[in-house]
Structures are given as C-alpha cells and as structure tokens.
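Notes for the structure review
The residues making up each chain are set out below.
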Amino acid sequence: AFRIHFPRPDAEQRRGIWRGMLGVDSLPVADNLDVDELAESYDLSGGQIKTAVLNAAFAAAEEGCLSMNHLRRAASYAVSAPKSSPIGFHQTALVP
C-alpha cells in the first residue's frame, strides 16, 4: 500500500484548474464567471475543484446556464464536506 502526498495548489494553480475545468463546452456558462474569486476564496484541491464544477454543472443543467451562484454553492460545499477515508481495504468483523 502506498500513500502519495500531493501538496495543495496555491491560488495561481487553483486559478488554472478552475479555468481548465470551466473550459469545457458541454454546458453554457454565464459571462460573469470570476475564476479569480473562486481561486482566492476557496482553498480546494484539484479533485475538489473538479467535483465542485461537476456538482455545479448538474445543478445548472435544469436552468441551462452555469452561473457564479452554482459555483459558489458547490465550492462552499466542497470546503465543508466531510473528508473521505484514505483509499484501501478495511477489515471488518463478520457477524453471523
């Protein structure tokens, strides 16, 4: 079993991740998306940013356009969401 540590991206790196994730043409996006605000306001990992964008896109799909409100809500949730356990197998007791 290996555990690999990835350092959290700084604001400039987060800005690039947000831009890359929002550069997909599968859903229309509002003109006023502020990637700088997202990168500065939310200390997220790359995986958390990806999850936030996907969650925001699902929320926006019904409305037809991804907005800053969708992204703020999804990013806020990603910050406050419980952390998942490390990948691996866990031994559990078998109850007959």
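Just so we're clear, the structure is a prediction, and the values are computed from it rather than from any experiment. (Residues numbered from 1 in each chain as written. Predicted model: local features only at pLDDT ≥ 70, side-chain atom pairs only at ≥ 80, totals over all residues. Heavy atoms only, no water.)

1. A look at a nonpolar patch on the surface
Where nonpolar side chains cluster on the molecular surface, the patch consists of F2, I4 and F6 and spans about 480 Å² of accessible area. Of note, F6 is situated in the segment before α1 (11-22). (Patch = residues over 30% accessible without salt bridge, like charges linked within 9 Å, V, L, I, M, F, W, Y side chains within 5 Å. Areas by Shrake-Rupley, 256 points an atom, 1.4 Å probe, with all protein chains shown as cover. Salt bridge = Lys/Arg side-chain N within 4 Å of Asp/Glu carboxyl O. Helix = DSSP H or I, 4+ residues; strand = E, 2+ residues; numbered from the N terminus.)

2. A word on the environment of A56
You can see A56 is positioned in helix α3 (residues 46-61). Given a relative accessible area of 0%, A56 falls into the buried group. Along the primary structure A56 and S67 are separated by 11 residues, whereas in three dimensions their C-alpha atoms are 8.4 Å apart. When near neighbours in sequence (up to four residues on either side) are disregarded, A56 contacts L66, H70, L71 and A74. (Buried < 20%, exposed > 50% of the residue type's maximum accessible area, 1.4 Å probe, protein only. Contact = heavy atoms within 4.5 Å.)

3. Some thoughts on the nonpolar core
With 19 residues, the main nonpolar core has W18, L22, L38, L44, V53, L66 and L71 as its most contacted residues. If you list the elements that add at least two residues to this core, you get α1, α2 (35-41), α3 and α4 (68-80). If sequence neighbours within four positions are ignored, L71 has contacts with W18, L22, L33, L38, V53, A56 and L66. (Core = buried A, V, L, I, M, F, W, Y, C linked by side-chain atoms within 4.5 Å.)

4. Thoughts on the side chain of S67
Here S67 lies in the loop between α3 and α4. The exposure class of S67 is buried, given its relative accessible area of 19%. Of note is the side chain of S67, whose polar atom sits 2.9 Å from the side chain of H70. Ignoring sequence-local partners within four residues, the contact set of S67 consists of A30 and L33. (Polar contact = N/O pair within 3.5 Å; in protein donor to acceptor, adjacent residues only side chain to side chain.)

5. Remarks on α1
Compared with the 16 Å implied by 1.5 Å per residue over 12 residues, the 16 Å span of α1 between its first and last C-alpha is a close match. All of the buried residues in α1 are A11, R14, R15, W18 and L22. Buried residues of α1 fall within an arc of 105° about the axis and therefore sit on the same side. Where α1 is buried, its residues touch α2, α3 and α4. Capping the start of α1 is the job of one residue whose side-chain oxygen sits 3.1 Å from the backbone nitrogen of E12: D10. (Expected span 1.5 Å × (residues − 1). Arc of directions from axis to C-beta.)

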